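Residue-level listing of the chains:
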Amino acid sequence: MNWEIVHIDETDSTNRWLKEHGDSYPHPVVVVADYQTAGRGCGTNRWESERGKNLLFSMLVHPTDVPVSRQFHLSMAISLAITEAVGRYIGDLSIKWPNDIYWRNAKLGGILIENRIQGSVIKDCIIGVGLNINQRTFHSDAPNPVSMWQICEHETDREQLLQAILEAFDKYRAQDVRAAYLSQLYRRRGFHPYVDRDGAFMAEIADVEDDGHLLLRDDSGQQRRYAFKEVQFVI
């Protein structure tokens, strides 16, 4: 796709900025901010980011060819695009279901996707991304943040990385990415601890359904099915 890139100094949220201004862009557009005053993850989660140090952007696409039943395809495509682009700099990357970007057991980035549905298709999709790039220290109470600088101890060109992510997203957007996504999942192999509303248990990842539901198989052989926020990884 031919992306238009809009750079802004500061906003409360790049996702909200696109909600307000997106109708002016009938073509694919990316808004990139040096600082977000109210950057957020899913739900009430906040995103800490030092001014001018990280990659904070939102993408607006109009994927009317994607049926609502397959909207998780967009989440898989952007997750894989980020791991491919960042993987040119560092290894040991994975995707923590549904779409957190992990380096070993630490969170390198997060993705927030908001869709507007029209009939049976997705009219608009805003994909918000926060990646920890050149920040050296974190001060919030987030349990496990990490940046590329902390891993490789040198600065990364944020503009080059953004271009690589957009190119990779265009590629994955047009492919069947299910197998690639499953192979990149955090804790893809073996039994690991989880917690749901009934308590803690050990399980392995069995599958991820087309609509994004996570299927776990616990150590008694029982299969458990979860939507986002219904189960937590114990790290």
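Asks: What's the story with the environment of Asp-210 in this structure? I'm lost.
Replies: Relative to the helices and strands, Asp-210 is located in the loop between β9 (199–208) and β10 (214–218). The sequence separation of Asp-210 and Arg-178 amounts to 32 residues, and the corresponding C-alpha distance is 8.2 Å. One polar contact links Asp-210 to Arg-178, side chain to side chain, over a distance of 3.2 Å.

Asks: Explanation requested: the environment of Glu-209 in the structure shown.
Replies: Residue position: Glu-209 is located in the loop between β9 and β10. Taking C-alpha positions, Glu-209 is 9.2 Å from Arg-178, a pair spaced 31 residues apart along the chain. Excluding anything up to four places from it in sequence, Glu-209 contacts Phe-72, Arg-178, Leu-215 and Arg-225. Among the polar contacts listed, one links the side chain of Glu-209 to the side chain of Arg-225, at a separation of 2.8 Å.

Asks: What am I meant to see in the sheet that holds strand β5 (residues 100–103) here?
Replies: By definition, the strands of a sheet pair up through backbone hydrogen bonds, in either a parallel or an antiparallel sense. Taken in spatial order, the seven strands of this open sheet run β1-β2-β3-β7-β6-β5-β4, and their pairing is mixed. Both outer strands of the open sheet, β1 (4–11) and β4 (93–96), are each paired with one neighbouring strand and no more. Adjacent strand axes in the sheet meet at a mean angle of 20 degrees, parallel and antiparallel pairs treated alike. Of the strand pairs in this sheet, strand β3 (residues 55–61) and strand β7 (residues 121–131) are connected by seven bridges, and their pairing is antiparallel. Bridge pairing in β7 places Phe-57 opposite Val-129. Where helix α2 (residues 72–86) meets the sheet, its contacts fall on β3, β4, β5, β6 (106–118) and β7, and the angle it forms with β6 comes to roughly 150 degrees. Sheet strands in contact with helix α4 (residues 158–173) are β1, β2 (29–36), β3 and β7, and its direction is about 30 degrees off that of β3.

Asks: Honestly, the pattern of salt bridges in this entry has me stumped. Any pointers?
Replies: Side chains that differ in charge, positive against negative, can pair when their charged atoms come close. According to the stated counting rule, one finds 21 salt bridges in the structure shown. Close ionic contact of Asp-196 with Arg-224 constitutes a salt bridge, the shortest N to O distance being 3.2 Å. Here Arg-224 lies in strand β11 (residues 223–226) and Asp-196 lies in strand β8 (residues 192–196), a separation of 28 residues in the sequence. With relative accessibility at 12%, the residue Asp-196 sits in the buried group. A salt bridge links Glu-204 to Arg-217; its shortest N-O distance comes to 3.0 Å. Of this pair, Glu-204 sits in strand β9 while Arg-217 sits in strand β10; the two residues are 13 residues apart in sequence, bridging distant segments of the chain. Salt bridges here are not isolated pairs; linked through shared partners, they connect Asp-9, Glu-10 and Arg-51.

Asks: Would you mind going over helix α1 (residues 14–21) with me for this structure?
Replies: Given 3.6 residues to a turn, an α-helix orients residues that are three or four positions apart in the same direction. Residues of α1 that are buried include every one of Thr-14, Asn-15, Trp-17 and Leu-18, and no others. The buried residues of α1 all sit within an arc of 160 degrees when viewed along its axis, so they share a single face. On its buried side, α1 packs onto β1, β2, β3, β6 and β7. The N-cap of α1, judged by a side-chain oxygen 3.3 Å from the amide nitrogen of Asn-15 a few residues on, is Ser-13.

Asks: What's the story with the packing of aromatic side chains in this structure? I'm lost.
Replies: The geometry of an aromatic ring pair is captured by the separation of the ring centres together with the interplanar angle, meaning the angle of the planes. Following the criterion strictly, the structure yields eight aromatic pairs and no others. Here Trp-3 and Phe-169 contribute two aromatic rings whose centre-to-centre distance is 6.3 Å and whose plane-to-plane angle is 55 degrees, an arrangement assigned as tilted. Of this pair, Trp-3 sits in the segment before β1 while Phe-169 sits in helix α4, and the two are 166 residues apart along the sequence. Across the pair, exposure class does not vary: Trp-3 and Phe-169 are buried alike. Their ring planes at 55 degrees and their centres at 5.0 Å tell us that Tyr-194 and Phe-233 sit as a pair that is tilted. Of this pair, Tyr-194 sits in strand β8 while Phe-233 sits in strand β12 (residues 232–233), placing them 39 residues apart in sequence. As far as burial versus exposure is concerned, Tyr-194 and Phe-233 are alike and both buried. Each member of the aromatic cluster is reached from another via a ring pair, and the members are Tyr-102, Tyr-186, Tyr-194, Phe-201, Tyr-226 and Phe-233. Geometry around Tyr-172 places Lys-171 over its ring, the cationic atom sitting 4.7 Å from the centre. In this structure, Arg-224 packs its charged tip against the face of Phe-201, placed 3.9 Å from the ring centre.

Cut-offs and rules
- Residues numbered from 1 in each chain as written.
- Predicted model: local features only at pLDDT ≥ 70, side-chain atom pairs only at ≥ 80, totals over all residues.
- Heavy atoms only, no water.
- Helix = DSSP H or I, 4+ residues; strand = E, 2+ residues; numbered from the N terminus.
- Polar contact = N/O pair within 3.5 Å; in protein donor to acceptor, adjacent residues only side chain to side chain.
- Contact = heavy atoms within 4.5 Å.
- Pairing = 2+ DSSP bridges.
- Axes fitted to C-alpha atoms, helices over the stretch in contact; angles between N-to-C directions.
- Salt bridge = Lys/Arg side-chain N within 4 Å of Asp/Glu carboxyl O.
- Buried < 20%, exposed > 50% of the residue type's maximum accessible area, 1.4 Å probe, protein only.
- Arc of directions from axis to C-beta.
- Phe/Tyr/Trp six-rings, centres within 6.5 Å; stacked < 30°, edge-to-face > 60°.
- Lys NZ or Arg CZ within 6 Å of the ring centre and 35° of its normal.

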